[in-house]
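# Coordinate analysis (summary)
Letter by letter, the chains look like this.
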Amino acid sequence: MITRIREHELTVGIICADPSSPFSGGAVLGDRIRMQQHFLDEGVFIRSMATRGKLGGLPQTAGNVMKLLSAFGKDYILVETVGVGQTELDIMKNADTTVVVLTQRVGIQSRQ
């Protein structure tokens, strides 16, 4: 998605909500490494945020960071949550559009 947005010379802010490290309390996954083709792009701002134990799928301050990115003029704001289950629904309160991405189960054969 970032690549397609940048092809049109639009800017993007990305908030990556990650589980909290049990050691430091910070974000676990290191999204700048995972998004290495974009993290040096001046039109892309990536912010990893730890949930710090908050339930709902987003850190408590994510909504304010989204407003801040909008105030800074980002054309698109993408928010990646820690997942959606029975209670991780905060994204629905904070985003205009929600996309659920599922991975294919590999190695499971159906019985006929």
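Right above here is the structure, for reference.
Definitions and cut-offs
Residues numbered from 1 in each chain as written. Predicted model: local features only at pLDDT ≥ 70, side-chain atom pairs only at ≥ 80, totals over all residues. Heavy atoms only, no water. 1 Å grid on protein atoms, 1.4 Å probe; cavity = no way out; pocket = protein on both sides within 12 Å on 5 of 7 lines; lining within 4 Å. Points joined across faces, edges and corners; volume = space filled by probe spheres on them. Helix = DSSP H or I, 4+ residues; strand = E, 2+ residues; numbered from the N terminus. Nonpolar A, V, L, I, M, F, W, Y, C, P; charged D, E, K, R; others polar. Buried < 20%, exposed > 50% of the residue type's maximum accessible area, 1.4 Å probe, protein only. Core = buried A, V, L, I, M, F, W, Y, C linked by side-chain atoms within 4.5 Å. Contact = heavy atoms within 4.5 Å. Pairing = 2+ DSSP bridges. Axes fitted to C-alpha atoms, helices over the stretch in contact; angles between N-to-C directions.

### A closer look at the layout of surface pockets
Quantified by volume, the largest pocket comes out at close to 1,000 Å³. Looking at the largest pocket, it is lined by 29 residues, and the ones nearest its centre are Leu78, Val79, Glu80, Thr97 and Val99. Among the secondary structure elements, those contributing two or more residues to the lining of the largest pocket are helix H1 (2-7), helix H3 (62-71), strand E3 (76-80) and helix H4 (90-94). Per element, the largest residue contribution to the lining of the largest pocket is five residues, and it comes from E3. For the lining of the largest pocket, the per-class residue count stands at 18 nonpolar, eight polar and three charged.

### Brief notes about unusual backbone geometry
Despite not being glycine, Glu9 shows a phi value in the positive range, around 60°. Within the fold, Glu9 resides in the loop between H1 and strand E1 (12-18). Taking the relative accessible area as the measure of exposure, Glu9 reaches 69% and is therefore exposed.

### Quick look at the nonpolar core
Counting residues in each nonpolar core, the largest one holds nine residues, listed as Ile2, Ile5, Val12, Ile14, Cys16, Met35, Val44, Ile46 and Leu78. For this core, the secondary structure elements donating two or more residues are H1, E1 and strand E2 (44-50). Here this core gets three residues from one element, more than from any other, and that element is E1. Contact partners of Met35, with chain neighbours within four places excluded, come to Ile2, Ile14, Cys16 and Ile46. Core analysis: the second largest hydrophobic core is formed by five residues, Ile15, Met49, Met66 and Leu69 among them.

### So, the sheet that holds E2
In space, the three strands of this open sheet follow the order E2-E1-E3, with parallel pairing throughout. In this open sheet, the two strands that pair with only one neighbour each are E2 and E3. Direction aside, neighbouring strands of the sheet carry axes that sit 15° apart on average. Across seven bridges, the pairing between E1 and E2 is parallel. Pairing of Ile15 across the sheet is with Arg47, part of E2. Sheet contacts for H3: E1, E2 and E3; angle to E1, the most-contacted strand, approximately 170°.

In short, geometric facts, not functional conclusions.
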